[in-house]
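# Observations on the three-dimensional arrangement
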Amino acid sequence: MKKLISNQISPNLKFTDFLIGLSGIFSLRKEINFEQFFGTKNYFLCNAARTGLSKIIEVLDIPESKKTVGIPAFCCSVMATPFLSKNFKIIWIDTDKNGNMSYKDFVRKANTISVLLIPHIFGQKLEIDKFYTICQKKNIFCIEDEAHSFTPKHSEQAFQANAKILSFGREKTFSCVSGGAVLWKKKSPFHKKFIKAGKALPKAKKTWTTQHLFQIFIFSIAIPWWFYGGKLFPWLSQKLKLLPLAITPSEKEGKENFPQTTLSFPLQKILYRQLSQAKKIQKHRKTIAQEWKKTLSALFPKSEIIIPPNFFRVILKIDKIHTRNKFLSYFKKEGFFLQEWDGHPIAPQNVNLKNFQYKTGLCPNAETFTKTYLTFPTNIRTNQKDILTFKRFFTSQKHIFLL
């Protein structure tokens, strides 16, 4: 029986999560304390990381003449839309060969930047202390994006940034369908403003919460039967506008139209459960990552294989640009949907690059990386049997893959 394997299609959530969230709909509680996981009291929850970015921008209150932000050119479009909506100029920074922000290119452009957003792409740990040192010298507000790299921290730890954003979206390290958090330093000069910004967020509408909860329900039913009619269930739900979009058409145009609210209690319950099971989830990811490396090393002996410290993905570097699409097409036939962040270079596809102030050729390393990598999933829906299936399929079709 063919099985769907994906980094993107509800990889972290199962029917149990739906039931846990559903149990919180009629609860009188408003908020769960996440201090034990964030390692700080200085945080507020929100319904998405981009909401958190918007609130940070408002707190900083940067003069119009200084509204510039540095963002790596290999990124998701919603990392930029909050800044575009507030009239920022985007300073696109090229990446290194593995998709992380280039330190050299940042240093070249640092004098033109007032805010810097630094993600750890696919869990690869960037040496953020080097960037933060420059930020301190240049008076740049540094935001660390841990969407791909967050692990629960049970005691307060110093971090090398002015603030952090966390994302708990569909395919992040931990998920509640849509959620986020803003963390800031204990002695931040913006401490009171951050508290005020968090408290000012309105509650999420019940329809919004219900819609996101039922996404878990819909995919929990659809995924096991995906190739036997199951995929019709989410397709029909989307047509009927029952399923929320991860990125809206307006956001692909660079316009922010995502509702900004706090994180509703039912979704907090799902997130709390996931963070409580972090060690179990991490152990599974490590096991699957090691199996992928063993298999991929045998199948692609000349290719570079990267395993991030948190085992969030296994990254395969391909040396020839035209082969990526070929691999994706053939792997998909066997149920391996390995598409991820497929932009040129800003994800997803069909982003209006002009509206994002990006011109092709501006960041060549980022453009090359987006065409020469594959990521292999380590999520809870992926097991060792799936890797064996992949190996058998590749071996049987090796004549097609040979270049």
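Above this text is the structure in question.
Parameters at a glance
Residues numbered from 1 in each chain as written. Predicted model: local features only at pLDDT ≥ 70, side-chain atom pairs only at ≥ 80, totals over all residues. Heavy atoms only, no water. Pairing = 2+ DSSP bridges. Helix = DSSP H or I, 4+ residues; strand = E, 2+ residues; numbered from the N terminus. Axes fitted to C-alpha atoms, helices over the stretch in contact; angles between N-to-C directions. Contact = heavy atoms within 4.5 Å. Phe/Tyr/Trp six-rings, centres within 6.5 Å; stacked < 30°, edge-to-face > 60°. Lys NZ or Arg CZ within 6 Å of the ring centre and 35° of its normal. Core = buried A, V, L, I, M, F, W, Y, C linked by side-chain atoms within 4.5 Å. Buried < 20%, exposed > 50% of the residue type's maximum accessible area, 1.4 Å probe, protein only. Salt bridge = Lys/Arg side-chain N within 4 Å of Asp/Glu carboxyl O.

### A short note on the sheet that holds strand β2 (residues 43-46)
With mixed pairing, the seven strands of this open sheet are ordered in space as β2-β8-β7-β6-β5-β3-β4. Strands with a single pairing partner mark the edges of an open sheet, and in this sheet they are β2 and β4 (89-93). When the angles between neighbouring strand axes are averaged without regard to direction, this sheet yields 20 degrees. Relative to strand β6 (residues 141-145), strand β5 (residues 115-119) runs parallel, the two sharing five bridges. When the bridges of β6 are listed, P119 appears paired with D145. Its contacts with the sheet place helix α7 (residues 191-200) against β2, β6, β7 (163-167) and β8 (180-184), and it is angled at close to 165 degrees to β8.

### A few points about the packing of aromatic side chains
In this structure the tally under the stated criterion is 41 aromatic pairs. Centroid distance F74 to F122: 5.9 Å. Interplanar angle 75 degrees. Geometry classified as edge-to-face. With F74 in the loop between β3 (68-72) and α4 (81-84) and F122 in the loop between β5 and α6 (128-138), this residue pair connects regions lying 48 residues apart in the sequence. Among the aromatic residues, ring-to-ring pairing joins F34, F37, F38, Y43, F150, F168, F174 and Y272 into one connected group. Just above the ring of F337 sits the side chain of K332; from NZ or CZ to the centre is 5.0 Å.

### A closer look at the nonpolar core
Counting 50 residues, the largest nonpolar core has I56, I71, F83, W92, V115, F194 and W341 as the members making the most contacts within it. Here the element with the most residues in this core is helix α3 (residues 49-60); it accounts for six residues. Of all hydrophobic cores here, the second largest spans 30 residues; its members include Y43, L183, F258 and L267.

### Describing the pattern of salt bridges
The tally for this structure, following the rule as stated, stands at 16 salt bridges. Of the charged contacts, one joins K109 and D105 as a salt bridge, the two residues approaching to 2.9 Å between their closest N and O atoms. Note that K109 and D105 are positioned in helix α5 (residues 103-109) at a spacing of four residues, about one turn of the helix. With respect to class, K109 is no different from D105; both count as buried. Residue K164 is joined to E144 by a salt bridge in which the shortest nitrogen-to-oxygen separation is 3.8 Å. In this pair, K164 is assigned in strand β7 and E144 in strand β6, connecting sequence segments 20 residues apart. Pair check on accessibility: K164 and E144 agree, each one buried.

### Quick notes on the pairing of β8
A large share of β8 lies buried, amounting to five of its five residues. In this sheet, β8 lies alongside β2 in antiparallel orientation, the contact comprising four bridges. Within β8, the position partnered with Y43 by the bridge is L183. Summarising the sheet, β7 and β8 pair through five bridges and their orientation is antiparallel. Directly across from L166, in β8, lies its bridge partner A181.

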